[in-house]
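Report on the structure
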Amino acid sequence: QVQLAESGGGLVQAGGSLRLSCAASGSIFRINVMGWYRQAPGKQRELVATITSGGSTDYADSVKGRFTISRDSAKNAVYLQMNSLKSEDTAVYYCAADLIELHWGRQRDYWGQGTQVTVSS
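As the structure is a computational prediction, the values presented were derived from the model and not from experiment.

**Brief notes about the overall build of the protein chain**
From N to C terminus, the protein chain includes zero helices and eleven strands. In sequence order, the secondary structure elements of the protein chain are arranged as β-β-β-β-β-β-β-β-β-β-β. Radius of gyration (C-alpha) of the protein chain: 14 Å, near the 14 Å computed for a compact globule of 121 residues. Residues counted as buried form 43% of the 121 residues belonging to the protein chain. Residue pairs at least 24 apart in sequence account for 55% of intrachain contacts in the protein chain once pairs closer than 6 positions are excluded. Averaged over its 12 positive side-chain charges, the protein chain has a centre that lies 2 Å from the centre of its 10 negative ones.

If you want it as structure tokens, here you go:
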């Protein structure tokens, strides 16, 4: 069993910053890709940023230059530094991990419960 726990969401004014954290725990052999997704009210869940085990990153066009994803493989953790926040960044942010389980060797995707980010204009 694997759990992903997010933290760091909250209310911030437009132009401000927030840092999201996510830690994976449980029966983990290796984490391949970790990432952040978000879902705004009435919209589909969308990719925000991903980072591979080798450190390669990918960003949604809407956040390039404002958000930075990073990873601490020793802690099975991923972070999202969000700067110059806009009202359209308001959403529930979900952490995700593409990993290989320790006991059965299965590759599976896991998701966190989500953390609310609200940007006031």
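**Quick word on the packing of aromatic side chains**
A full pass over the atoms with the stated rule returns one aromatic pair. Looking at Arg19, its charged tip hangs above the ring of Tyr79, at a distance of 4.3 Å from the centre. Over the aromatic face of Trp111 sits the side chain of Arg45, whose NZ or CZ is 4.8 Å from the ring centroid.

**What to know about the state of the cysteines**
According to the stated counting rule, one finds one disulfide in the structure shown. Shown here is the disulfide that connects Cys22 with Cys95, its sulfur atoms set 2.0 Å apart. Sign of the S-S torsion, about -75° for the bond between Cys22 and Cys95, identifies this disulfide as left-handed. Remark: Cys95 occurs in strand 9 (residues 91-101) and Cys22 occurs in strand 3 (residues 18-26); sequence separation between them is 73 residues. Take Cys22 and Cys95: they sit in the same class, and that class is buried.

**Focus on the sheet that holds strand 3**
The strand order across the open sheet formed by four strands is 1-3-8-7, and the pairing between neighbours is antiparallel. The open sheet has two edge strands, strand 1 (2-7) and strand 7 (67-72), and neither has a second partner. On average, each strand axis in the sheet is tilted by 15° relative to the strand beside it, whichever way the strands run. As paired strands, strand 7 and strand 8 (residues 77-82) are joined by six bridges and run antiparallel to one another. Paired with Ile69 across the bridge in strand 8 is Leu80.

**Concerning the nonpolar core**
Core analysis: the biggest nonpolar cluster contains 32 residues, and Trp36, Leu80, Met82 and Tyr93 have the highest contact counts within it. Going through the elements one at a time, strand 1, strand 3, strand 4 (28-39), strand 5 (46-52), strand 7, strand 8, strand 9 and strand 11 (115-120) are the ones with two or more residues in this core. At five residues, strand 9 tops the list of elements feeding residues into this core.

**Quick word on the pairing of strand 5**
With six bridges joining them, strand 4 and strand 5 adopt antiparallel strand pairing. Paired with Trp36 across the strands is Ala49, a residue of strand 5. Counting the residues that bridge the hairpin from strand 4 to strand 5 gives six residues, and of these Gly42 lies at a positive phi of roughly 75°. Here strand 5 runs beside strand 6 (residues 57-59); their pairing, made up of three bridges, is antiparallel.

Parameters at a glance
Throughout this description, residue numbers start from 1 for each chain and increase along the sequence as written. Two thresholds apply to this predicted model, a pLDDT of at least 70 for residue-level local features and 80 or more for giving and counting side-chain atom pairs, whereas whole-chain, interface and lining totals are computed over all residues. To obtain the side-chain values, all non-hydrogen atoms of the structure were included, while hydrogens and water were left out. Strands are runs of DSSP state E lasting at least two residues, helices are runs of H or I lasting at least four, and both sets are numbered from the N terminus onward. For the radius of gyration, the atom set is restricted to C-alpha positions; the globular benchmark scales as 2.2 Å times the number of residues to the power 0.38. Burial here depends on accessible area, computed with a 1.4 Å probe over protein chains only, as a share of the maximum for the residue type. Under 20% is buried, over 50% is exposed, and the range in between is partly exposed. Contact between two residues is taken to exist if any of their heavy atoms lie within 4.5 Å; hydrogens are not considered. His is not counted, nor are the chain ends; Lys and Arg add positive charge and Asp and Glu add negative charge. For the purpose of locating charges, the reference atoms are NZ of Lys, CZ of Arg, CG of Asp and CD of Glu. Between 30 and 60 degrees the pair is tilted, below 30 it is stacked and above 60 it is edge-to-face, where a pair is any two Phe, Tyr or Trp rings, Trp via its six-membered ring, whose centres lie within 6.5 Å. Look at NZ for Lys and CZ for Arg. If either is within 6 Å of the ring centre and within 35 degrees of the ring normal, a charge sits over the ring. We call a pair of cysteine sulfur atoms a disulfide whenever their separation is within 2.5 Å. A strand pair is defined by DSSP finding two or more bridges across the two strands. Axis geometry follows a simple rule: fit a line to the C-alpha atoms, using only the stretch in contact for helices, then measure angles between N-to-C directions, giving values from 0 to 180 degrees. What we call a nonpolar core is a set of buried Ala, Val, Leu, Ile, Met, Phe, Trp, Tyr and Cys residues that are connected through their side-chain atoms within 4.5 Å.

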